[in-house]
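Fold and geometry: a report
Spelled out, the chains give:
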Amino acid sequence: MENVVGDRVLIAVQAVNISRLSTHPVPTVPGTLIVVAGAGPKDSNGAGKSSFIASITALLGDEQWRFASGAKAVSELLFNAELASGAGARQWASADHGYIVGVFGPPGLDSFAPPPAPPEPVASPDLTLTDDGREGEEGEQDSGELFEVPDTSGGAITVWLKVNQEAPHLEIRWREGVHLAASPSEAERVARADEIWASLPRSAGKRDVVARDLTKVLYGDRVRCVSFLSTSVRSKVATNLLSQPLNEISPERVFEAIAALTGLDAELEQEREARRDEHAKRVRAAQAADRLAEFEVESKALLGTFDRRDQARVRLAEALRCWRGRQARKLADAAAKDELLAADLGRHRAAGESAAEEIALVKAEIATLREDTLDRQVSQARKELAALQARTTKLDADRAVAENSADELRAAIPALEETRRFADGRDVPAAEAELRQAGLRLNEALKALGVADQEVSSARAALDDAEGGPAAAQLDALSAAGVGATGLLDALDVAEQARDAALPGAGLRGWPHEHAVIVDAARLGEAARALAGLPGSVLVSAAGVSVVGAFDGVATGREARIKAAGQRLNRAEDAQESAAEVVRAAEEAVAEAQRRLEGARAGVRLTELEARLAERRDRLVGLNAAIEELAPKVAEAERQAGALDFRARTRDMEIERLDGRRQRHESERAQAREQEAKVTAEREALRLDALAADWGGTVETAREWIAALPEEERPRAAEEWWRVAERHFDQALRDTFPEEDAEIPEELAFLLSERGGSTAREQATFAAVCGALASYLRGQEEYEKHQRRQIEAQVVSRQRDLAAAARGAEEAAQSTAVHRAALTAAIKARLTRVAEEFEKLDTSYGGYGATLEFPVPPAPADPEQRWQWRVTPKWRRGEGQGFVPYNRRANTALMDEKAVKLVCAAAIASSGGGHLCLVLDELGRNLGKEHRREAVALFRRIGETYGITVIGALQDDMEPYAIDACGQYVKLRRSSDAMPYNEPPVIVGHDQHAERVRALAAYVDRSQPVGQPVEQPV
């Protein structure tokens, strides 16, 4: 099944779970310019324009999605909650599958008949078109489809693309008629889409058509869509000729853009695959040659190894013969040496016996000299001398202690004499009595000072009280409460001669007069409440006397009280000053009495020190006399001890001389015994029995074997036989295992490891190592014969493989050359077609003619490198002028115009005469403001002339220019980042396309009458 869509054109699109797009179907007008604008939360970004046009390219089989490789990049169009809104990751789930649904109908809407009236009222589907061109949601059909099957849609077909997160990433199903998901809400439409998909028949029998067969099955390998997309969901973003000034794009990138538009990408990729195949076959041929050469080298090395092992067998046999010669020579030499050592052993035994006799004589003489009488005398003299010296030492120490004590006493006398002068002739009891009297006088003065201080405090308090006035606290409380009052005593003035009567308890002074205040009778209650916190207060008014509490004290006449209190304070301060003077005099008297007491006590101490000093002087006189008496005795004891020491040293010297003779004789005897033991050990070390056993015979047979040797070998010593044997063995081992990391049998490797470290160990293990190596060589002999035969067969086989690989490489080279020639012709023809269409468009729309220059480049040597072509657009700038390359200086409007024409020419050339959809992202992004409207209008005129549907997404700054120049206007809306999905899109048809948009809307949505008017262009 191929070309299911045929000549039908896309008339409606519905996206389910695709990016943040709304699930509302969007009608499309074929053969004109459709602009897709956006209204996101801040500007046009975030409304899903790129995802909308990208889904259309996937539906129309744009090869830039790499359908042959499974179109994995299409799955990136699925709804992603994290990208859709800030809170989406918590409130919404990412989609694991979605749908891109396209309705294809016959080209032209004139043949569309109004839909028949339904036999009975049914709920309208979800797609309607409002008066302002916006879609709305109304009812829901019971079936969930726009009309029942069979239908009268005039040959329409609905294609469903299921986009999966996991492979297969695309699955395709279709059904005749219009089958879109219809429900009142987004969530219900998503659920309804799954139900409709399950109800659609499988497109390939028991399975669905997948991505690699999409273009072939739906469009019969015809190019239905070319695009320039600048979106991150694309696996490959082709060079956009409209994304920057044309003269800033290199010829290589111009070719890449045209190749993407005309489908040359796939053919260039096939050419690169052919070069890869040729390279791979050439590599295989080279590898076959390398393998043959390597095998021959390895075989040669292996055969050399076999030859070396044969030589190793010969050398090993020679090593064993030399080892036997060493054993014979060692046995013969050991027998001759044993005879000489036997004679030496007799001589050493005789010398030892003679030295033993001399030792006995010397020991007898030493014993005679070592009698102990002299030693006892020397010991006694030394003891007496030590006792006298110890006594002298003790007397010297006692004298030093007495001298130090006398010095300390003399040092203390001057200070005591100085202190004694303060006594003024008084003794200690008299001084103590004076100190007691002075202390009593000081106490009396301090008491008087305390009384004066108390009187000053009392007088000052009385003065403060008189100045504050009677009832001061009551007056303050009433003033704070706003009640006017005056003290009762302050209101009275007592005559001077009557003041004596105003004593406490005898008149006005004291409670209640002192705490009585006079207030207005009208405010008596308010005053009582203000004085509630001062119990004992008395309120006097015209209404009577009110008592709150009682206080003590008497006063009359405020000025008289202040004057009396001031005089009292002055008298108290004078008395206080006099008392302080008396205290200071008493303190000085106490200090003087204390100094006299200390002087009297110093006199007593001085008398005691003088008595102790006299005692120390007498002690020193006695000690000096004792030391002088002991000195002659010490000298005599030293003389006697020295004489005895001399006699003892002379005797010891004689004993030492005799002991030296004894040691010499003992050394001679020990040397004789050592030599005897050494000779005996040497005879035992010869191991004649072991050597005879190693030889396998007697000494006589060994001598006979040596005598039978050739003349040049007969004089060889045992070590020489060993070196020759070791040399033959080492060579045999190297011939057997020539490489350092060669695998050695476990037994042989163990024996070789045991040989290291010394010559003795090598000789001890020589026979075992030779036996192990001989056993290994015998085991390898048959294997080596078989290997020689195998090598000969392998060489013949590898030569045949090399010949076959060389033929394959030559055939691949010829095939690549033929394919490259055909591709060159195809590219030139395609570019020529583009150049012709470029010429037609330029001359048809205000130009003087344009063409393309595209020299054929050589094929790259690297099989991974793309075959890079260069395309240089050229045009005439005036009638009859020559072509000028595009990268020459020109005005911006001319560059924008030529870029639009070149893009359209490439699209027309790639259509092959069928309907084509040109999809552009960021439409007019690089166009100058003064030329944007003209450039966009050019897209519309070319699309309508050549039947090309141009779908372009644009930014905010392009919208005012594109609205007036387009044939259909689609605006995607999303008002907040918190909304994961778009709002219903706005769709407007302009000029003659207004009725076409409404007809398409009615065709897709059977709830609208065809003739209902739609909004005119904005």
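Residues numbered from 1 in each chain as written. Predicted model: local features only at pLDDT ≥ 70, side-chain atom pairs only at ≥ 80, totals over all residues. Heavy atoms only, no water.

Our focus in this paragraph is the packing of aromatic side chains. The description of two aromatic rings rests on the distance between their centres and on the angle between their planes. By the definition in use, this model includes 10 aromatic pairs. Centroid distance Tyr-99 to Trp-160: 5.4 Å. Interplanar angle 70°. Geometry classified as edge-to-face. Of this pair, Tyr-99 sits in strand 4 (residues 97–105) while Trp-160 sits in strand 7 (residues 157–164), and the two are 61 residues apart along the sequence. For the pair shown, Tyr-99 and Trp-160 are each scored as buried. (Phe/Tyr/Trp six-rings, centres within 6.5 Å; stacked < 30°, edge-to-face > 60°. Helix = DSSP H or I, 4+ residues; strand = E, 2+ residues; numbered from the N terminus. Buried < 20%, exposed > 50% of the residue type's maximum accessible area, 1.4 Å probe, protein only.)

For the rest of this paragraph, the subject is helix 6 (residues 251–262). Relative to the 16 Å expected for 12 residues at 1.5 Å per residue, helix 6 spans 16 Å between its end C-alpha atoms, a close match to the ideal helical length. By the criterion of burial, helix 6 is predominantly enclosed, with nine of the 12 residues buried. For helix 6, the complete set of buried residues consists of Pro-251, Val-254, Phe-255, Ala-257, Ile-258, Ala-259, Ala-260, Leu-261 and Thr-262. (Expected span 1.5 Å × (residues − 1).)

Turning next to the pairing of strand 7. Remark: a regular strand shows side chains that alternate across the two faces of the sheet. By the criterion of burial, strand 7 is predominantly enclosed, with eight of the eight residues buried. Both faces of strand 7 are covered, namely the face carrying Ile-157, Val-159, Leu-161 and Val-163 and the face carrying Thr-158, Trp-160, Lys-162 and Asn-164. Pairing analysis gives eight bridges linking strand 4 to strand 7, with the strands arranged antiparallel. Bridge pairing in strand 7 places Ile-100 opposite Leu-161. Where strand 7 and strand 8 (residues 170–176) come together, seven bridges link them in antiparallel fashion. Counted as the bridge partner of Ile-157 is Glu-176 from strand 8. Where strand 7 folds back onto strand 8 in an antiparallel hairpin, the turn is made up of five residues. (Pairing = 2+ DSSP bridges.)

A few words on the packing of helix 15 (residues 718–736) against helix 16 (residues 746–755). Relative orientation of the contacting elements helix 15 and helix 16 amounts to 140°, with a least axis distance of 14 Å. Taken together, the axis directions place helix 15 and helix 16 in an arrangement best described as oblique. In the crossing of helix 15 with helix 16, the sense of the turn from one axis to the other is left-handed. Across from Trp-722, Glu-726, Phe-729 and Leu-733 in helix 15, the residues of helix 16 making contact are Leu-748, Leu-752 and Arg-755. Its residues assigned to classes, the contact of helix 15 with helix 16 comprises five nonpolar, no polar and two charged. (Axes fitted to C-alpha atoms, helices over the stretch in contact; angles between N-to-C directions. Parallel < 35°, antiparallel > 145°, perpendicular 65-115°, else oblique. Left-handed = near helix turned anticlockwise from the far one by under 90°. Contact = heavy atoms within 4.5 Å. Nonpolar A, V, L, I, M, F, W, Y, C, P; charged D, E, K, R; others polar.)

The next point concerns the side chain of Lys-49. Relative to the assigned elements, Lys-49 resides in helix 1 (residues 49–59). The class for Lys-49 is buried, based on a relative accessible area of 8%. If near-sequence neighbours (up to four positions away) are discounted, Lys-49 is found in contact with Val-36, Ala-37, Gly-38, Ser-44, Ala-953, Leu-954, Gln-955 and Leu-972.

Turning next to the nonpolar core. Core analysis: the biggest nonpolar cluster contains 65 residues, and Phe-255, Ile-258, Leu-852, Leu-918 and Phe-939 have the highest contact counts within it. A total of 12 residues in this core trace back to one element, the largest contributor, which is helix 19 (residues 892–911). (Core = buried A, V, L, I, M, F, W, Y, C linked by side-chain atoms within 4.5 Å.)

Our next topic: the environment of Leu-620. Of note, Leu-620 is situated in helix 12 (residues 558–685). A residue is classified by how much of its surface remains accessible, and Leu-620, at 16% relative accessible area, is buried. Contacts of Leu-620, omitting those with residues within four sequence positions, involve Arg-399, Ala-402 and Glu-403.

Let us look at the pattern of salt bridges. Overall, the coordinates contain 29 salt bridges when judged by the stated rule. Asp-396 is the partner of Arg-399 in a salt bridge, and the nearest nitrogen-oxygen pair spans 3.5 Å. A residue pair is termed a helical-turn pair when its members lie 3 or 4 positions apart in one helix, as Arg-399 and Asp-396 do in helix 8 (residues 373–420) at three residues. Judged by relative accessible area, which is 25%, Arg-399 ranks as partly exposed. Residues Glu-418 and Arg-421 are paired through a salt bridge, measuring 1.9 Å at the closest nitrogen-oxygen approach. Exposure remark for Glu-418: the relative accessible area of 40% places this residue in the partly exposed category. Judged by relative accessible area, Arg-421 falls into the exposed class, the value being 51%. (Salt bridge = Lys/Arg side-chain N within 4 Å of Asp/Glu carboxyl O.)

Along the chain, Lys-162 turns up in strand 7. For the buried residue Lys-162, which engages in no salt bridge, the nearest side chain bearing the opposite charge is Glu-171, 4.4 Å off. Setting aside residues no more than four positions away along its own chain, Lys-162 makes contact with His-97, Gly-98, Tyr-99, His-169, Leu-170, Glu-171 and Trp-197. (Lys, Arg positive; Asp, Glu negative; His and termini not counted.)

The subject of this paragraph is the sheet that holds strand 7. On the basis of which strands lie adjacent, the open sheet formed by six strands has the order 2-1-4-7-8-9 and antiparallel pairing. Bordering the open sheet on either side are strand 2 (26–27) and strand 9 (209–210), each of which pairs with just one other strand. As judged from the two bridges shared by strand 1 (residues 9–16) and strand 2, these two strands associate in the antiparallel manner. Within the sheet, the bridge partner assigned to Val-13 lies in strand 2 and is Val-26. Packing against the sheet, helix 4 (residues 186–199) makes contact with strand 1, strand 4, strand 7 and strand 8, and its axis sits at approximately 80° to strand 8.

Bringing the sheet that holds strand 18 (residues 916–920) into the picture now. Pairing is mixed in the open sheet, where six strands are placed in the order 10-18-19-3-20-21. Bordering the open sheet on either side are strand 10 (225–228) and strand 21 (983–989), each of which pairs with just one other strand. Along the sheet, successive strands turn relative to each other by an average axial angle of 15°, direction set aside. Across four bridges, the pairing between strand 10 and strand 18 is parallel. By the bridge assignment for strand 18, Phe-228 is matched with Leu-920. With respect to the sheet, helix 1 is in contact with strand 3 (33–39), strand 10, strand 18, strand 19 (948–953) and strand 20 (968–973), its orientation differing from that of strand 3 by roughly 145°. Sheet strands touched by helix 6: strand 10 and strand 18. Its angle to strand 10, the strand with the most contacts, is close to 150°.

Further remarks concern unusual backbone geometry. Residue Pro-168 is bonded to the preceding Ala-167 through a cis peptide linkage, with omega at -5°. On the secondary structure map, Pro-168 appears in the loop between strand 7 and strand 8. Phi is positive for Asn-17, which is not a glycine, with a value near 60°. Here Asn-17 shows up in the loop between strand 1 and strand 2. Using a relative accessible area of 11% as the deciding quantity, one classes Asn-17 as buried. One non-glycine residue, Arg-66, lies in the positive phi region at around 60°. Position of Arg-66 among the secondary structure elements: in the loop between helix 1 and helix 2 (81–84).

Attention now moves to the pairing of strand 3. With six of its seven residues buried, strand 3 lies for the most part within the structure. As defined by bridge partners, strand 3 adjoins strand 19 across four bridges and the pair is classed as parallel. Residue pairing for strand 19: Val-35 is matched across the bridge by Gly-952. Of the strand pairs in this sheet, strand 3 and strand 20 are connected by six bridges, and their pairing is parallel. Bridge assignment links Ala-37 to a residue of strand 20, and that residue is Lys-971.

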